[in-house]
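Each chain is listed here by its residues.
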Amino acid sequence: MTPLLQVKGLTKRYGARIGCADVSFDLYPGEVMGIVGESGSGKSTLLNCLAGHLEADSGHVMFDTRAEGLRDVRAMSEPERRMLARTDWAFVHQNPRDGLRMGVSAGGNVGERLMAVGARHYGDIRAQAQDWLGRVEIAADRIDDRPTAFSGGMQQRLQIARNLVTGPRLVFMDEPTGGLDVSVQARLLDLLRGLVREMGLSAVIVTHDLAVVRLLAHRLMVMKSGHVVEAGLTDQVLDDPQHGYTQLLVSSVLQA
Amino acid sequence: MIEISNLSKNFVLHNQGGAVIPVMRDAALSVAPGECVGLIGASGAGKSTLMRMVYGNYLADRGVIRVGDVDVAQAAPREVLALRRATLGYVSQFLRVVPRVPTLDVVAEPLLALGVAREEALGRARDLLGRLNIPERLWPLSPTTFSGGEQQRVNIARGFAHGYPALLLDEPTASLDAANREVVLTLIEEAKARGAAILGIFHDEAARARVCTRVVDVTRFTPGLAA
Ligand SMILES: Nc1ncnc2c1ncn2[C@@H]1O[C@H](COP(=O)(O)OP(=O)(O)OP(=O)(O)O)[C@@H](O)[C@H]1O
Ligand SMILES: Nc1ncnc2c1ncn2[C@@H]1O[C@H](COP(=O)(O)OP(=O)(O)OP(=O)(O)O)[C@@H](O)[C@H]1O
Ligand SMILES: [Mg+2]
Ligand SMILES: [Mg+2]
């Protein structure tokens, strides 16, 4: 099987400071990769380099494109990359305000993504938007409300609907359950797990919450000072950590 | 079906002065299809550690852990995940689930992950929950608020949902009443009869005597304890 994403030696510096250094991994279809590590360890930097939001200094991000197989995303033209971001990728921001258009209705937020990939029929677009709002448990009668009228948890669910409606193959998420209360987190987790299973979605998820990665991620990378210090099966890394930093991380938080 | 040889493991505690704790030295055992092998030995001898290594939950330092045609000690995470999905089941001592997911779905999930149709998977889940005497009114609820014994039975139902060719059982009858213990022992006997290779830990001696084909004393592999 071809990996969906193949990352080799990805490095990003901010001047003299290391953002992330020499990161390599493969991600296969249907796999969820978790990234954990302390604040400032380079998780968001890595995610943004993978998603093309930040220009890496060196390394390769190979993506299994539908038309031409493995291609180095960093070597693609800007329009090619933008097309990929619309059709095959999704990015869920920690703050839903960064991933939503706050002045557009909930239905519009979801529908405009469909239009961006060529949907034209108003009735179909609205029906699909409605269907996705239902999947993320936003009541049908809220379709014309703006996200400003939604709670934080609802906004996050709307952001997920907006991102997944086009059937992407790879989703990047930066702290998708951060700042949400525990019961809302649980709902989101359940939703994401169902989508991973039913759509064969692959995902790279940054979080500081070890309980979340245990339930959501198949595999785990632990970052410290920009470097991946340990990687493996999620439950193995959490239950039998090999690196001193991971041992500290696992023992210093409430049991995940 | 399960073939272990030269299996060794130390725990290294980096934040406690790098203390090295040897827990297993040159473990070897095998489990054939249709067999149930019981692990015995004093508390702390390494029974659960051995089982967790077979599941890929603990890393092996050295040795071979062959389950079907995969060497878990060497396999990439992706291969271990595939093995766990189709071939190797594990009933751990405690249930760990996503909060809010209904019990019926928790039990059906291993089948859904294998691509079994939803109705068929739910049918199998209902069947097992019924046999394990979980009242039907609890099926739509998340097991997170269930009693210890109920959670244990949900865990067992989940572990037996798919007919894994190899199965690991860590104390499956602990905290169960006589009637439910009987159901679990029957499930184990049925699994053996269909050819599953089972590795189990049973503190319950009568249960062990009834379902285990033979036992392996893990103390033989405990560094510093071996005769
Ligand atoms: N635009 C920037 N300019 C300079 N340094 C930056 C910039 N963005 C990030 N850094 C630095 O790079 C390092 C990694 O930051 P990053 O945001 O990737 O961390 P993180 O692991 O996502 O942390 P957190 O958990 O707090 O979100 C930090 O030392 C940070 O200060
Ligand atoms: N994650 C771990 N980190 C460090 N040491 C561990 C870890 N897991 C187990 N051990 C140690 O390994 C040894 C074997 O433990 P294990 O749990 O395998 O024993 P056991 O035979 O299952 O005992 P019991 O019958 O009490 O369940 C013990 O000394 C234990 O403290
Ligand atoms: Mg960050
Ligand atoms: Mg034990």
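Our structure's up above, just so we're on the same page.
Residues numbered from 1 in each chain as written. Chains lettered and ligands numbered in written order. Predicted model: local features only at pLDDT ≥ 70, side-chain atom pairs only at ≥ 80, totals over all residues. Heavy atoms only, no water.

Re the site of ligand 1
Residues and elements named next belong to chain A.
Right, so step 1: Taken together, Y14, R17, E38, S39, G40, S41, G42, K43, S44 and T45 are the residues near ligand 1.
Right, so step 2: Within the backbone of G40, an N or O atom sits 2.8 Å from an oxygen atom of ligand 1.
Right, so step 3: Between ligand 1 and the protein, one listed contact pairs an oxygen atom with a backbone N or O atom of S41 at 3.2 Å.
Right, so step 4: Contact with the protein chains removes 60% of the 640 Å² of surface that ligand 1 exposes when unbound.
Right, so step 5: By residue number, the principal contributor to the shell around ligand 1 is helix α1 (residues 43–50), which donates 3 residues.
Right, so step 6: Here the shell around ligand 1 is composed, by residue class, of 1 nonpolar, 6 polar and 3 charged. (Near = heavy atom within 4 Å. Polar contact = N/O pair within 3.5 Å; in protein donor to acceptor, adjacent residues only side chain to side chain. Areas by Shrake-Rupley, 256 points an atom, 1.4 Å probe, with all protein chains shown as cover. Helix = DSSP H or I, 4+ residues; strand = E, 2+ residues; numbered from the N terminus. Nonpolar A, V, L, I, M, F, W, Y, C, P; charged D, E, K, R; others polar.)

Thoughts on the side chain of E175 of chain A
Residues and elements named next belong to chain A.
Right, so step 1: The residue E175 is located in the loop between β7 (170–174) and α7 (182–199) in this model.
Right, so step 2: One buried charged side chain, E175, makes no salt bridge at all; its nearest oppositely charged neighbour is K43, positioned 5.3 Å away.
Right, so step 3: In terms of polar contacts, E175 uses its side chain to reach the side chain of H208, at 3.0 Å.
Right, so step 4: Beyond its immediate sequence surroundings of up to four residues, E175 is in contact with Q94, Q156, V206, T207 and H208. (Buried < 20%, exposed > 50% of the residue type's maximum accessible area, 1.4 Å probe, protein only. Lys, Arg positive; Asp, Glu negative; His and termini not counted. Salt bridge = Lys/Arg side-chain N within 4 Å of Asp/Glu carboxyl O. Contact = heavy atoms within 4.5 Å.)

Thoughts on the packing of helix α5 (residues 148–161) of chain B against helix α6 (residues 178–193) of chain B
All names here are of chain B.
Right, so step 1: One way to put it is that α5 packs onto α6 with a least axis distance of 12 Å and a crossing angle of 15°. It follows from the interaxial angle that α5 and α6 lie roughly parallel. Helix-helix and strand crossings are classified by hand; for α5 and α6 the assignment is left-handed. Seen from α5, the contacting residues are R153, I156 and F160; seen from α6, they are N180, V184, L187, I188 and A191. (Axes fitted to C-alpha atoms, helices over the stretch in contact; angles between N-to-C directions. Parallel < 35°, antiparallel > 145°, perpendicular 65-115°, else oblique. Left-handed = near helix turned anticlockwise from the far one by under 90°.)

Structural notes on the site of ligand 2
Right, so step 1: Residues in contact with ligand 2 amount to 13 residues; listed here are only the nearest, S43, G44, K47, S48 and T49 of chain B.
Right, so step 2: Ligand 2 sits at the junction of chains A and B, each of which supplies nearby residues.
Right, so step 3: Between G46 of chain B and ligand 2, the recorded distance is 2.9 Å, taken from a backbone N or O atom to an oxygen atom.
Right, so step 4: Contact distances for ligand 2 include 2.9 Å between an oxygen atom and a side-chain N or O atom of S48 of chain B.
Right, so step 5: Coverage of ligand 2 by the protein amounts to 65% of the 630 Å² it exposes when considered alone.
Right, so step 6: Considering every element that reaches the shell around ligand 2, the biggest residue donor is helix α1 (residues 47–55) of chain B, with 3 residues.
Right, so step 7: A breakdown of the residues in the shell around ligand 2 according to their chemical character gives 5 nonpolar, 6 polar and 2 charged.

Some thoughts on α5 of chain B
All names here are of chain B.
Right, so step 1: Given a rise of 1.5 Å per residue, 14 residues ought to cover 20 Å, and the 20 Å separating the end C-alpha atoms of α5 matches this to within 8%.
Right, so step 2: Across the 14 residues of α5, 12 count as buried, placing the element largely inside the fold.
Right, so step 3: Among the residues making up α5, those that are buried are G149, E150, Q151, Q152, R153, V154, N155, I156, A157, G159, F160 and A161.
Right, so step 4: Where α5 is buried, its residues touch β6 (88–91), α3 (103–113), α4 (118–131), β7 (166–170) and α6. (Expected span 1.5 Å × (residues − 1).)

A closer look at the interface of chain A and chain B
A common way to report how large an interface is uses the accessible area buried once the components associate.
Right, so step 1: Between chain A and chain B, the contact holds 26 residues from the first and 25 residues from the second.
Right, so step 2: Here chain A and chain B share an interface that buries about 2,300 Å² over both sides, 53% of which is from carbon and sulfur atoms.
Right, so step 3: Broken down residue by residue, the surface that chain A buries against chain B is led by R197, L233 and D240 of chain A, which jointly contribute 24%.
Right, so step 4: Run the count over chain A and chain B and you get 11 residue pairs in polar contact (both at pLDDT 80 or more).
Right, so step 5: At the level of elements, α7, α8 (210–216), β10 (227–233), α9 (234–239) and α10 (244–252) of chain A are the ones that each hand at least two residues to the side of chain A that touches chain B.
Right, so step 6: The dominant element in the side of chain A that touches chain B, judged by the number of residues it contributes, is α7 of chain A, at 6 residues.
Right, so step 7: Split by residue class, the side of chain A that touches chain B holds 8 nonpolar, 7 polar and 11 charged. (Buried area = accessible area lost by both parts, 1.4 Å probe.)

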